[in-house]
Amino acid sequence: MSPHRARSYGRIALPAGLLLTQCIVCALHAQEAPGYSRNDFGEVGLMQTPTARMADEGELAFTASRTYPYTHYNLSLQPLPWIEGTFRYSAVSNRLYGPVGLSGHQSYKDKSIDLKVRLWDETRWRPAVAVGGRDIGGTGLFGSEYVVASKRFGPVDLTAGLAWGNMGARGDIKSPLGWAWSGFDHRAGNTNQQGGEFNTLRYFRGPAAFIGGIEYQTPLDKLRLKVELDGNNYKHEGLGNRFKQRSPINVAALYRVNDNVDFSLGFERGDKIMATLTLHSNLSRHAEPRKTADPPPEPVRGLAITPDPPEGAAALVRKPPEQVDWEALSKALEANAGIDVSSIGRRGSELVVHGEPRTYFYPSRTLGRTARILDNRVDESIDWFTVGDESYGMPVAEQSIHRPRFIDALDHRIDMQELRRSAEQNPPGQQQEEVLFTKPPKRFDGGVSLGYQQSLGGPNAFVLYQFSLNGNATYRFNRNLWWDGTLSVNLLNNYDKFTYTAPSLLPRVRTNIRQYLTTSDVTMPNFQLTGTKVLAPDVFGMAYGGMLESMYAGVGGEVLYRPYGERWAFGVDVNWVRQRGFRQDFALRGYKTVVGNATLYLNTGFHDVTLAASVGRYLAKDYGVTLDLSREFANGVRMGAYATLTNKSGSQTGEGSFDKGIYFSIPFDLLLPRSSRARANFMWQPLLRDGGARLNRRYSLYDMTSDRDSDLFEKNLEKSLD
């Protein structure tokens, strides 16, 4: 080719190349950017590698993955937009859990905890950057730390970073932090012999490896492709495993079956098939189903939609308060507004219904239904309706609404902002009132329910379970004093396999659980007398005695100071307890002690995060601190984690080192077609240990006075119009 032709070709090729590049960029941007997906370890990521992406806050995901010899079962929570937590059981199929005589041929099981924090989010010019650790609180089998950055280019999400430990075992470079301190140059062996402790002496130490990859959203909406550079070399895996890695490049395809299910199939290490199934849902955005099993709210006279002439309750004659049939009205309130009425009073032009809400999760819904019922029966001399919330006989809070403005809102004549200015919350008992009606409590209440409990990851079997039939009964001597009990009958279980007794150097306050679960098919987990009282304004008290839980009987009491309108509370509980017999009847064993805690509850106001910090004495006569952090969303869903550290060392406590766990709580109201104030609570506790073990008290004053939290009313005021 002559120089002249070469120059001509260059003049033509340069614009053509720019045009081609521009076309590719435009084509990429024309496609939808990929969202997030999860890797083998349940983190938002590729396959073995995490990315800097985060799920939406409130996301809950369960991921099961298999790549020989590892099977990972991961539970991931996204409590805040920039924090991801993952908790995992891993099965190593080519290693046994223990001696065949104890564990049979069950594979080895490992428990671990991950944490990822996003340092900053992506902008037009800057990638998102996150730092995190894998297996930071477990045995260290998969212990790794990493820093990753992710940037989207249309349908392509590009990730690059560095990893240490198991994820970075290939060791491409010497410690990048060694220039700052020589201690970063070498990574120590696992110093966490008991498991469960934070192995901080290894974090970000030793050689590091490059990690990263690409996630590509194909033109097919449900299909994504992944390619990654794996930083592990698999030559020195834990438990003595040594694997040959034919290629550091892993590939996978992800198919989004629907909005809640992802399935991935891939190829890792150059010769291993990977399969992953992820079930995910956003709890914070979960809307309640249509309440088809609830009674319809009463129609109100005078609305545009009310038939003419009015029918049903809307056709009732409105009477002065002195002439109202309060007995019939209280029955209507119980049937339709879900209030167990204790009394009804009048404060000038304000009508006050005192009672315990028992049906509707949202206080605003109880108030709205109450206002409809009162409006149909009381004349125009009343212009404010108030519900005085009581909990176990204790006045907790009052919610009020202006009658004419409420009717205007029902008829769409004013918007929610105006209605909000016509609704109030106040502390109870601030004004004198004329009592119009009183009602004694319902003496006896009872029911039957199914129970389920399980134990995961033990040496005898991965899942030990029990289904039971539980009979519950309550007898009220008055609204502040009651007895309740539970009788449980075993229906189906595999606890006959439960032969393992966990080692412990402490008094066996929890680790003899095997005997409690296997000695009898009929048990009495609870049989106690409880009394409550408001001791002073904002001060609540409770005393109790009997069979307090499945393992302990005794007596105790609690005092809680919860100032109205404040975001904090302080409580103290003290209990004398004695260990119960294994059959869980009225028999007692010899061990007894005094336990108790002083607890500060603080709603931080930061993303609705609440901190509960307790200091006290625990069942094994150890002293320590429990920290509990939880996030509650507007719909009542709660996510949290806790940890207890005491003056007993990890070697005395045994495997797991200290008590810890995660939990989430979902109002049944978000799951059922019928309204309910109950919650579905899920607790994951890796191991049941003697150190830091707390008494499982049936009642807590902080929970009993939860209606003092004004946020649930404020954030769901629109439900008063349902």
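Residues numbered from 1 in each chain as written. Predicted model: local features only at pLDDT ≥ 70, side-chain atom pairs only at ≥ 80, totals over all residues. Heavy atoms only, no water.

Q: Is there a simple way to think about the sheet that holds strand β1 (residues 59-67) in this case?
A: Pairing between the strands of a sheet is mediated by backbone hydrogen bonds and can be parallel or antiparallel. Spatially, the twelve strands close up into a barrel ordered β1-β2-β3-β4-β5-β6-β7-β8-β9-β10-β11-β12, and their pairing is antiparallel. Neighbour-to-neighbour, the strand axes of this sheet turn through a mean angle of 20 degrees, independent of strand direction. Of the pairings in the sheet, the one linking strand β9 (residues 223-229) to strand β10 (residues 249-258) comprises seven bridges and is antiparallel in character. Within β10, the position partnered with Leu225 by the bridge is Ala253. (Pairing = 2+ DSSP bridges. Helix = DSSP H or I, 4+ residues; strand = E, 2+ residues; numbered from the N terminus. Axes fitted to C-alpha atoms, helices over the stretch in contact; angles between N-to-C directions.)

Q: Sorry, what's going on with the packing of aromatic side chains here?
A: Working definition: an aromatic ring pair is given by the centre-to-centre distance plus the angle between the planes. For the structure on display, the rule yields 24 aromatic pairs. Both rings, one in Tyr392 and one in Tyr699, keep their centres 5.4 Å apart while their planes meet at 65 degrees; by these two values the pair is edge-to-face. Placement of Tyr392 in the loop between β15 (384-391) and β16 (394-402) and of Tyr699 in the loop between β31 (679-684) and α9 (701-704) is noted, with a sequence separation of 307 residues between them. With relative accessibility at 12%, the residue Tyr699 sits in the buried group. Relative to Phe586, the ring of Phe527 lies with its centre 5.2 Å away and its plane at 85 degrees, an arrangement referred to as edge-to-face. Of the two residues, Phe527 is situated in strand β22 (residues 522-536) and Phe586 in the loop between β25 (568-580) and β26 (588-603); the sequence distance between them amounts to 59 residues. An aromatic cluster of three or more residues is present, and its members are Phe41, Tyr68, Tyr70, Phe142 and Phe243. Seen from the ring of Phe243, Arg269 lies directly overhead, with NZ or CZ sitting 5.2 Å from the centre. The ring of Tyr642 has Arg694 lying over it, and the distance from NZ or CZ to the ring centre is 4.8 Å. (Phe/Tyr/Trp six-rings, centres within 6.5 Å; stacked < 30°, edge-to-face > 60°. Buried < 20%, exposed > 50% of the residue type's maximum accessible area, 1.4 Å probe, protein only. Lys NZ or Arg CZ within 6 Å of the ring centre and 35° of its normal.)

Q: I keep staring at the nonpolar core and nothing clicks. Help me out?
A: Most often, soluble globular proteins keep nonpolar side chains buried together rather than apart. Counting residues in each nonpolar core, the largest one holds 32 residues, and the members touching the most others are Leu329, Leu333, Ile344 and Leu351. Elements supplying a minimum of two residues to this core: α3 (326-337), β13 (339-347), β14 (350-357), α4 (363-375), β15 and α5 (403-410). Among the nonpolar cores identified, the runner-up in size contains 26 residues, and Tyr516, Leu548, Ala620 and Leu695 belong to it. (Core = buried A, V, L, I, M, F, W, Y, C linked by side-chain atoms within 4.5 Å.)

Q: Explain the packing of α3 against α4 here, please?
A: The angle between the axes and the distance between the axes are what describe a pair of packed helices. Two elements in contact, α3 and α4, have axes whose closest approach is 10 Å; the angle formed by their N-to-C orientations is 145 degrees. α3 and α4 meet at a crossing whose hand is right-handed. Together, Leu329, Ala332, Leu333, Asn336 and Ala337 of α3 and Thr366, Arg369, Thr370, Ile373 and Leu374 of α4 make up the contact between the two elements. Looking at side-chain class alone, the contact of α3 with α4 contains six nonpolar, three polar and one charged residues. (Left-handed = near helix turned anticlockwise from the far one by under 90°. Contact = heavy atoms within 4.5 Å. Nonpolar A, V, L, I, M, F, W, Y, C, P; charged D, E, K, R; others polar.)

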